[in-house]
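# Descriptive structure summary
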Amino acid sequence: MKTTTQTMNRVKTLKIDDRDVSGSEHQTILDVARENDIFIPTLCHIDGLSDIGACRLCVVEIKGSGKLVPACATEIQEGMEVFTQTEALAKYRKLILEMLFTEGNHICSVCVSNGHCELQYLAARLGVDHVHLPYLHQQRTVDASHERFIVDHNRCILCTRCVRVCDEIEGAHTWDVTGRGTKARVITDLNQPWGTSETCTGCSKCVHICPTGALVEKGKSVAEMSKRREFLPYLTSMREKNNG
Amino acid sequence: MAEKVKLATVWLDGCSGCHMSFLDIDELLLELAPRIELVYSPLVDNKVFPETVDVTLVEGAVSSEEDLEKIRHIRAHTRLLVSLGDCAVTGNVSSMRNSFGAKAVMEHAYIETANIHNEMPTQVIPPLLKRVRPVHEVIAVDVYVPGCPPSAKTIGYVVTELLDGRLPDLTTLSRFGA
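About the criteria used
Residues numbered from 1 in each chain as written. Chains lettered and ligands numbered in written order. Predicted model: local features only at pLDDT ≥ 70, side-chain atom pairs only at ≥ 80, totals over all residues. Helix = DSSP H or I, 4+ residues; strand = E, 2+ residues; numbered from the N terminus. Rg over C-alpha atoms; globule rule 2.2 N^0.38 Å. Buried ≥ 20, exposed ≤ 12 C-beta atoms within 10 Å, placed from the backbone. Contact = placed C-beta atoms within 7 Å. Domains from an automatic or database assignment. Nonpolar A, V, L, I, M, F, W, Y, C, P; charged D, E, K, R; others polar. Pairing = 2+ DSSP bridges. Axes fitted to C-alpha atoms, helices over the stretch in contact; angles between N-to-C directions. Core = buried A, V, L, I, M, F, W, Y, C linked by C-beta atoms within 7 Å. Expected span 1.5 Å × (residues − 1). Arc of directions from axis to C-beta.

Okay, the overall build of chain B next. When helices and strands are counted, chain B shows six helices and seven strands. Scanning chain B from its N terminus toward the C terminus, one meets helices and strands in the order β-α-α-β-β-β-α-β-α-α-β-β-α. Relative to the compact-globule value of 16 Å for 178 residues, chain B shows a C-alpha radius of gyration of 17 Å, a close match. Dimensions along the principal axes, computed over C-alpha positions, put chain B at roughly 60 × 35 × 30 Å. Put simply, chain B has 178 residues, and 39% of those count as buried. Look at the contacts in chain B between residues 6 or more apart in sequence, and 82% of them connect residues 24 or more apart.

Structure below.
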């Protein structure tokens, strides 16, 4: 039973940014930080899906360790001292965002997700007012073969939220990733046009969980694609209750 | 009365929206007018960039050889240079041709879709650079003001701060695409 498991979980105490905080033993640093209103930026993480630590925006420093660790995929430990806002971290996080901007073709002003985009929001919040790396200007494709949705690879940051929500929540596993490095991209079924996918149920979970304008509904103009994310925590908590 | 600040504005590869947004500061223009001298701008008739300018606001990306030559000259004669708007800061819409290349774009405009004189221009039109580049890729930039266009409020704040001798903090006032 859920309640029993919870009582069996040990409480661990630690410090985040010199504040004394506590959590139960299997919680991540990110969970505990958020419970205590400590802001750690994330892009690939979303509550309700498994964590893969891919975007590295949530990296934090831990006293006594020379490595940076992703807060979303690192469990808390007794006596841990975590730092989330050092100068070095601010620099790395900005660099990560800048690399995302150079790898894709993100033209915010003409994007359907302008004003609703997590990449754009984080750039402003973390103080990225220009990108000092050269833009790659890769030629990327747009697939509008699906009846209701579009995938624009120019705006994809490969967070794989779509892959995970389709696999873990919808159970269809339509999405996957192909290629490596700057050639990596998300695909549907066996690397075929989305409209010909036999597994896609058309549920639109991937569209609404996508942090940028990479997955969008058809018929939206600039800045019109606001997304509805409420379904995910709701679905996960209902399932936990039913499986409890 | 203190000496007026010499202000210039330049229009490279952009849509003039940033200049429109600048004019949109409305009555603030009246407050700024006694404090600045607009020495060079698409809004005034001076054809030659002056020897020394205190502040230059740059709209637009660097797209042609003319843009490149112009902005290098301007940098050499400006104390504080501001990248104004997304085209100057990121390349924005102007840079969308970069994935296809200048040649493909020129051929599309002057040959494939032309009704008469299907040929490449050889005069008047300045040769395009291979890639459209944000301003800071070719010269040093002192202040970045993202936005498409930055709002009148943002531009008013930036100019007022600079006139008061402070560097503006734009973290909450503007973002890419705003």
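Per the secondary structure count, chain A includes seven helices and ten strands. Its C-alpha radius of gyration of 19 Å places chain A within 12% of the 18 Å reference for a compact globule of 244 residues. Considered along the principal axes of its C-alpha atoms, chain A spans approximately 50 × 50 × 30 Å. For chain A, buried positions account for 36% of its 244 residues. Long-range contacts, defined here as pairs at least 24 residues apart, represent 63% of the contacts in chain A between residues at least 6 apart.

Take the domain arrangement of chain A next. Splitting chain A by domain gives domain 1 (2-85) and domain 2 (110-236). Taken together, the residues that form the side of domain 1 of chain A that touches domain 2 of chain A break down as eight nonpolar, two polar and one charged.

Residues and elements named next belong to chain B. The five strands are arranged β2-β1-β3-β5-β7 in an open sheet whose pairing can be described as parallel. Looking at which strands have only one partner, the edges of the open sheet turn out to be β2 (36-40) and β7 (143-145). For this sheet, the mean inter-axis angle between neighbouring strands, taken without regard to orientation, is 25°. In terms of strand pairing, strand β1 (residues 5-11) meets β2 through four bridges, oriented parallel. Directly across from Leu 7, in β2, lies its bridge partner Leu 38.

Ranked by size, the top nonpolar core spans 56 residues in total, and within it Ile 29, Leu 43, Cys 58, Ala 71, Cys 162, Cys 206 and Leu 215 of chain A carry the most contacts. Two domains each put at least three residues into this core: domain 1 (2-85) and domain 2 (110-236) of chain A. With residues up to four places along the chain from it excluded, the contact list for Cys 58 of chain A reads Leu 30, Ile 40, Pro 41, Thr 42, His 45, Pro 70, Ala 71 and Cys 72 of chain A. Membership of the second largest hydrophobic core comes to 34 residues, among which are Trp 11, Ile 25, Leu 57 and Leu 84 of chain B.

Glancing now at the interface of chain B and chain A. Contacts between the two partners involve 21 residues from chain B, matched on the other side by 19 residues from chain A. The biggest single contributor to the side of chain B that touches chain A is helix α4 (residues 86-90) of chain B, with three residues.

Looking now at the sheet that holds strand β1 (residues 11-16) of chain A. Through backbone hydrogen bonds, the strands of a sheet pair up, either in parallel or in antiparallel fashion. Residue and element names in this part refer to chain A. Strands sit in the order β2-β1-β5-β3-β4 across an open sheet of five strands; the sheet is mixed. Only two strands of the sheet have a single partner each, and these edge strands are β2 (19-24) and β4 (68-70). Pairwise comparison of adjacent strand axes, ignoring direction, gives a mean angle of 40° for this sheet. Sheet topology places β1 next to strand β5 (residues 81-83); two bridges connect them, and they run parallel. Bridged to Lys 15 within β5 is Glu 81.

Here we come to helix α3 (residues 65-76) of chain B. Residues and elements named next belong to chain B. Taking 1.5 Å as the rise per residue, α3 with twelve residues should run 16 Å; its terminal C-alpha atoms sit 17 Å apart, in good agreement. Here α3 has its buried residues at Asp 67, Ile 71 and Ile 74. The arc that holds every buried residue of α3, seen down its axis, measures 60°, which confines them to one face. Pointing more than 90 degrees away from the buried face of α3 are the exposed residues Glu 65, Glu 69, Arg 72, His 73 and Ala 76. Elements in contact with the buried residues of α3: β1, β3 (53-59), β4 (62-64) and β5 (78-84).

The next point concerns the pairing of strand β7 (residues 149-152) of chain A. Residue and element names in this part refer to chain A. Where strand β6 (residues 142-143) and β7 come together, two bridges link them in antiparallel fashion. Bridging from a neighbouring strand, Asp 143 pairs with Val 151 of β7. Across three bridges, the pairing between β7 and strand β10 (residues 215-217) is antiparallel. Within β10, the residue paired with Val 151 across the bridge is Leu 215.

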